[in-house]
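# Coordinate inspection notes
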Amino acid sequence: MINAAFTVETFLEGTRTDFERLSAYFRKGEVLLGEEASGQLIGSIYTERRLPRGYLGMLAIDPAHQRAGHGRTLMAAGEEHLRGKGCVAVDISVIEWRTELPPIYRKLGYVETTIEDFQPSQKLKPGIPPCRIIVMSKPL
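Residues numbered from 1 in each chain as written. Predicted model: local features only at pLDDT ≥ 70, side-chain atom pairs only at ≥ 80, totals over all residues. Heavy atoms only, no water.

## Things to note about the overall build of the protein
- Across its full length, the protein holds four helices and six strands.
- Put simply, the protein runs from its N terminus to its C terminus through helices and strands in the order α-α-β-β-β-α-β-α-β-β.
- Each of the 140 residues in the protein was classed as buried or not, and the buried ones make up 40%.
- The long-range fraction of contacts in the protein, counting pairs at least 24 apart against all pairs at least 6 apart in sequence, stands at 62%.
- Accessible area of the protein: about 8,200 Å², with a carbon and sulfur share of 55%. (Helix = DSSP H or I, 4+ residues; strand = E, 2+ residues; numbered from the N terminus. Buried < 20%, exposed > 50% of the residue type's maximum accessible area, 1.4 Å probe, protein only. Contact = heavy atoms within 4.5 Å. Areas by Shrake-Rupley, 256 points an atom, 1.4 Å probe, with all protein chains shown as cover.)

## Overview of the sheet that holds strand S1 (residues 30–35)
- Judged by pairing direction, the sheet is mixed, and its six strands sit side by side in the order S1-S2-S3-S4-S6-S5 without closing on themselves. With partners counted over all chains shown, the strands left at the sheet margins are S1 and strand S5 (111–117), one partner each. The mean inter-strand angle of the sheet, taken between neighbouring strand axes irrespective of direction, is 30°.
- Contacting S1, strand S2 (41–50) and strand S3 (53–61), helix H2 (residues 19–28) runs over the sheet at an angle of about 50° to S2. (Pairing = 2+ DSSP bridges. Axes fitted to C-alpha atoms, helices over the stretch in contact; angles between N-to-C directions.)

## Quick word on the environment of Leu22
- Its location among the elements puts Leu22 in helix H2.
- Leu22 sits in the partly exposed class, given a relative accessible area of 23%.
- Sequence spacing of Leu22 and Tyr46 is 24 residues, and the spatial spacing of their C-alpha atoms is 9.8 Å.

## Quick notes on the nonpolar core
- By size, the foremost hydrophobic cluster in this structure holds 17 residues, and its most contacted members are Leu56, Met75, Ile92, Val94, Tyr105, Tyr110 and Met136.
- Counting only elements with at least two residues in this core, the list comes to S3, helix H3 (70–84), strand S4 (89–95), helix H4 (101–107) and strand S6 (132–139). (Core = buried A, V, L, I, M, F, W, Y, C linked by side-chain atoms within 4.5 Å.)

## Structural notes on the packing of aromatic side chains
- One pass over the full model with this rule turns up three aromatic pairs.
- For the ring pair Tyr25 and Tyr46, a centre distance of 4.5 Å and an interplane angle of 65° mean the geometry is edge-to-face. Of the two residues, Tyr25 is situated in helix H2 and Tyr46 in strand S2; the sequence distance between them amounts to 21 residues.
- Within the aromatic cluster, the residues linked to one another by ring pairs are Tyr25, Tyr46 and Tyr55. (Phe/Tyr/Trp six-rings, centres within 6.5 Å; stacked < 30°, edge-to-face > 60°.)

## Concerning the pairing of S2
- Among the 10 residues of S2, seven are classified as buried, and the element is accordingly described as predominantly covered.
- For S2 and S3, the ladder comprises seven bridges, and the chain directions are antiparallel. Across the sheet, residue Gly43 finds its bridge partner in S3, namely Ile61.
- Taking the residues between adjacent antiparallel strands as the criterion, S2 and S3 are bridged by two residues.

As structure tokens, then:
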């Protein structure tokens, strides 16, 4: 489901994630799942305590369920989860090539705070230039 949600990110070689990379996430944080009433998985979001802050990442919505508000719901659930873990603010990272995302996150109350070099977990496709990460933050 995660890889299907990230097919728009055509700059990486291979899939967005795999068992090994997901296992590393599970050792550091938690993944919240979004399901339909029938129990069908429709989305997920990674949460990590980095006290006093938290981090949300890898928001993924099944392509068949995108643009229906599920991403907003999972973001709110992730924020509430981190608030319950004692976090006072939350950070997200957006690859600068995903220009459609910062305006969406601004509507959810996030603001750009820093720019960092992109350190991909896998190789970029040949000919893809280096890029940066936009870090956005929000008080909880």
